[in-house]
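# Structural overview for review
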Amino acid sequence: MNTFIDTRGSGGEPISFCQAIVKGIAPGGGLYVPQAIPALSLEDICALARLPYRDRAARVYKAFDIDVPDPDVDALMAAAYADNFDDERVAPVRDLGDGTYVLELFHGPTSAFKDMALQCLPRFFEYATSRMRESGELDHDHLILVATSGDTGKAALEGFAGRDHVGIVVFYPDGGVSDIQLRQMTTQRGDNVGVFAARGDFDDCQSSVKRAFADAAFNDLLMSRHNVALSSANSINWGRLMPQIVYYLSAYADMVASGAVAKGAPIDVCVPTGNFGNILAAYYAHRMGLPLGRLLCASNENNVLTDFIETGTYDVRTRSLHLTPSPSMDILISSNLERQLFELTDRDHERVAGWMAQLADERCFTVDGPTRERMQRLYAAGCVTNDRCLEVIGQTYRERGFLPDPHTAVALEVARRLRGDNPVLVASTAHWAKFGPNVWRGLNGLGADQPLPAEVAGLSGLELDRRIASQTGTQVPAGIAALETAPRRFFDVVDGTTEGVESSVLGWLAKGGERA
Ligand SMILES: *Cc1c(COP(=O)(O)O)cnc(C)c1O
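A brief look at the structure comes next. (Residues numbered from 1 in each chain as written. Predicted model: local features only at pLDDT ≥ 70, side-chain atom pairs only at ≥ 80, totals over all residues. Heavy atoms only, no water.)

## With respect to the overall build of the chain
- Across its full length, the chain holds 23 helices and 15 strands.
- Taken over C-alpha atoms, the radius of gyration comes to 22 Å for the chain, in line with the 24 Å a tight globule of 516 residues would show.
- Principal axes of the C-alpha set define a box for the chain whose edges measure 60 × 55 × 50 Å.
- Relative to its 516 residues, the chain shows a buried fraction of 58%.
- The long-range fraction of contacts in the chain, counting pairs at least 24 apart against all pairs at least 6 apart in sequence, stands at 75%.
- Roughly 19500 Å² of accessible area belongs to the chain as shown, and the carbon and sulfur atoms make up 48% of that amount.
- Positive and negative side-chain charges in the chain, numbering 48 and 66 respectively, have mean positions lying 3 Å apart. (Helix = DSSP H or I, 4+ residues; strand = E, 2+ residues; numbered from the N terminus. Rg over C-alpha atoms; globule rule 2.2 N^0.38 Å. Buried < 20%, exposed > 50% of the residue type's maximum accessible area, 1.4 Å probe, protein only. Contact = heavy atoms within 4.5 Å. Areas by Shrake-Rupley, 256 points an atom, 1.4 Å probe, with all protein chains shown as cover. Lys, Arg positive; Asp, Glu negative; His and termini not counted. Charge placed at Lys NZ, Arg CZ, Asp CG, Glu CD.)

## With respect to the sheet that holds strand β4 (residues 100-104)
- Across the sheet, which stays open at both edges, the six strands sit in the order β3-β4-β14-β9-β10-β13 with mixed pairing between neighbours. Both outer strands of the open sheet, β3 (93-95) and β13 (379-383), are each paired with one neighbouring strand and no more. Here the strands of the sheet are splayed against their neighbours by 25° on average, with no regard to which way each runs.
- In this structure, strand β9 (residues 267-272) lies alongside strand β14 (residues 424-428), joined through three bridges in parallel fashion. Each residue of the ladder has a partner; that of Asp268, found in β14, is Val424.
- Along the sheet face, helix α16 (residues 369-378) touches β10 (292-299) and β13 and points at about 75° away from the line of β13. (Pairing = 2+ DSSP bridges. Axes fitted to C-alpha atoms, helices over the stretch in contact; angles between N-to-C directions.)

## So, the pattern of salt bridges
- Applying the stated criterion to the full structure yields 28 salt bridges.
- Two residues, Lys263 and Glu43, come together in a salt bridge whose shortest N-O distance is 3.0 Å. With Lys263 in the loop between α11 (238-257) and β9 and Glu43 in helix α2 (residues 42-47), this pair connects stretches of sequence that are 220 residues apart.
- A salt bridge links Arg59 to Asp44, with the nearest nitrogen and oxygen atoms 3.7 Å apart. One end of the pair, Arg59, is in helix α3 (residues 53-63); the other, Asp44, is in helix α2, and 15 residues separate them in sequence.
- Among the residues examined, Arg59 registers a relative accessible area of 30% and is labelled partly exposed.
- Overall, Asp44 belongs to the partly exposed group, its relative accessible area being 27%.
- Taken together, the salt bridges that share partners define one network made up of Arg388, Glu391, Glu413, Arg416 and Arg417. (Salt bridge = Lys/Arg side-chain N within 4 Å of Asp/Glu carboxyl O.)

## So, the packing of aromatic side chains
- Applying the stated criterion to the full structure yields 18 aromatic pairs.
- Measuring from ring centre to ring centre gives 5.6 Å for Tyr81 and Phe85, while their planes differ by 45°; the resulting arrangement is tilted. When sorted by exposure, Tyr81 lands in the same class as Phe85, which is buried.
- Ring centres of Tyr283 and Tyr284 lie 5.4 Å apart, and the angle between their planes is 70°; this geometry places the pair in the edge-to-face category.
- Given the relative accessible area of 6%, Tyr283 is considered buried.
- Tyr284 sits in the buried class, given a relative accessible area of 0%. (Phe/Tyr/Trp six-rings, centres within 6.5 Å; stacked < 30°, edge-to-face > 60°.)

## A short note on the side chain of Asp405
- For Asp405, the location among the structural elements is in the loop between α17 (386-400) and α18 (406-418).
- The charged side chain of Asp405 is buried without a salt bridge, its nearest counter-charge being Lys434 at 8.9 Å.
- A polar atom in the side chain of Asp405 sits 2.6 Å from the side chain of His407.
- Polar contacts involving the side chain of Asp405 include one to the side chain of Thr408, which spans 2.5 Å.
- Excluding anything up to four places from it in sequence, Asp405 contacts Ile393, Ala430, His431, Trp432 and Phe435. (Polar contact = N/O pair within 3.5 Å; in protein donor to acceptor, adjacent residues only side chain to side chain.)

## Some points on the nonpolar core
- Membership of the largest hydrophobic core comes to 118 residues, with the highest contact counts inside it found for Phe17, Tyr61, Tyr81, Ile245, Tyr248, Leu249 and Tyr379.
- Leaving out residues up to four positions away in the same chain, Tyr81 has contacts with Tyr53, Arg54, Ala57, Val90, Met116, Cys120 and Pro243.
- Residues Phe106, Leu296, Ala415 and Val424 belong to the second largest nonpolar core, which totals 42 residues. (Core = buried A, V, L, I, M, F, W, Y, C linked by side-chain atoms within 4.5 Å.)

## A look at the site of the ligand
- Residues in contact with the ligand amount to 15 residues; listed here are only the nearest, Lys114, Gly274, Asn275, Asn278 and Thr429.
- The backbone of Asn278 places a nitrogen or oxygen atom 2.9 Å from an oxygen atom of the ligand.
- Class assignment for the residues of the shell around the ligand results in five nonpolar, eight polar and two charged. (Near = heavy atom within 4 Å. Nonpolar A, V, L, I, M, F, W, Y, C, P; charged D, E, K, R; others polar.)

## Section: empty space enclosed by the protein
- A complete count under the given rule lists two cavities of 30 Å³ or more for this structure.
- Counted as a void, the largest cavity has a volume near 40 Å³.
- Contributing to the lining of the largest cavity are Thr273, Gly274, Ser299, Asn302, Val304, Leu305, Met329, Ile331 and Ser334.
- A per-class count over the lining of the largest cavity returns four nonpolar, five polar and no charged.
- Of the pockets and cavities examined, the second largest cavity occupies roughly 30 Å³.
- Phe4, Ile5, Asp6, Gly11, Gly12, Glu13, Pro14, Ile15 and Tyr32 are the residues that line the second largest cavity.
- The leading source of residues in the lining of the second largest cavity is strand β1 (residues 4-6), at three residues.
- Split by residue class, the lining of the second largest cavity holds five nonpolar, two polar and two charged. (1 Å grid on protein atoms, 1.4 Å probe; cavity = no way out; pocket = protein on both sides within 12 Å on 5 of 7 lines; lining within 4 Å. Points joined across faces, edges and corners; volume = space filled by probe spheres on them.)

## What to know about the side chain of Ser299
- Locating Ser299 in the fold gives a position in strand β10.
- With near-sequence residues (within four places) excluded, Ser299 lies in contact with Leu305, Thr306, Met329, Gly382, Cys383, Val384 and Val410.

## Quick word on the pairing of strand β6 (residues 166-173)
- Judged by how many residues are buried, β6 sits mostly within the fold: eight of eight residues are covered.
- Taking every second residue as pointing to the same face, both faces of β6 are buried, with Val166, Ile168, Val170 and Tyr172 on one and Gly167, Val169, Phe171 and Pro173 on the other.
- Read as a crossover between parallel neighbours, the route from strand β5 (residues 141-147) over helix α7 (residues 151-160) to β6 is right-handed.
- Here six bridges tie β6 to strand β7 (residues 193-199), and the two strands are oriented parallel to one another. Looking across to β7, one finds that Val169 is bridged to Gly194.
- In this region the chain leaves β6, passes through helix α8 (residues 179-186) and returns to the parallel neighbour β7; the handedness of that crossover is right-handed. (Right-handed = clockwise from strand over helix to strand, strands pointing away.)

The following block contains the structure:
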């Protein structure tokens, strides 16, 4: 059976897959990675094309030799990738006609790629904790606590809603999310969910949630009063990374089957990157056998990763966060990069721990020459301005008949600039309908800072989406269209301070928020 070690070497004994997804992060702050990365033969990979997506996912999970019996993996995957996706292929590949192929990761219930992992991880989490409860390893419940700037919150709510022995509470900045995102979160169904608007901006909200996680007295109170431990299930959880490996192998199999690439020939993969989870999954797919030319790391105006890949120095000393049309990539510290550094150094946890300590203390670190060279053989990186991002939306629609969201547009531009002769697979991480106002700007030649004309600005998010859809011959996904009539369930606005967060959680639990 495979076991999991951590990138800083301070987590003690190796643990199992189920333990790794329940723990999330290792005791010393390191991230879990599997001891063994399994290899699939080219035949194995291409054979995925003949299977439905849920079986492709099960096939990859089984290769990792995890502590979940094969029939249980099959059942969990059959539930994770079913009619909750609005395309039965789940993650189809679209040919743009110029050697560019778009991997559509937005067919899940919240129309963002986070569904690919968050329809899967919560089911494995529920499975793992129930087994630990039966064996006496665990005697408490979990509460997933999330601070969100929009997309993650909804995908996590949708994934954890209705799961047993786990509740989820989400805080978003009051007035700081789009009309669509607000409706998505505040209409969330399920007995075990809570949603709060927090006064302040996203940074306030996120720091308060982080402090609540670190507040020993609060955690003790949750345990003694409600028998609940906090958990984050964020993108550093291996259980969120692993489902993402699947779709890169799946896409390659589809591309071979359709004749887009010769069997065994390499493709380049371009990913709009924030926390480095999605692109890292492509790297692990390569380790498992995906024929790969280069990984193209696409950033918006927050280009710390572009500079790192070009120079080997990760420096956030003088950077501030830019707000861009692709908010899910507005990030300074890309947590999953730590796993890539671990692999690039042949798993040298001392060197990785040193760099991470430097990043925490000095907000800067530089990798050694050999590590930088290895990284540069594997990766190329580019960044895109806000105005160019919006131009690409209009241009791609006019020239290729595909309407990308702003995150996908960033990747399409970087792919165009950096690609070589290989076919390039571009990860499309959200449906355009989540970002109507900027998509409208892109289609109508407006810059990112230009106001929408009054008659457009007056429309609700859904009205604007419908107008864009009818003008472009595209569709608003059913999950988003249904928000029009979905009853709003959550109205609370609370202080965005640590006390505000903690008392909201306690109040929610006291009202029986979580199912007993
Ligand atoms: C989260 C997100 C990203 C960034 O993915 P990472 O795995 O954090 O690099 C890109 N696009 C969208 C739409 C997202 O929601």
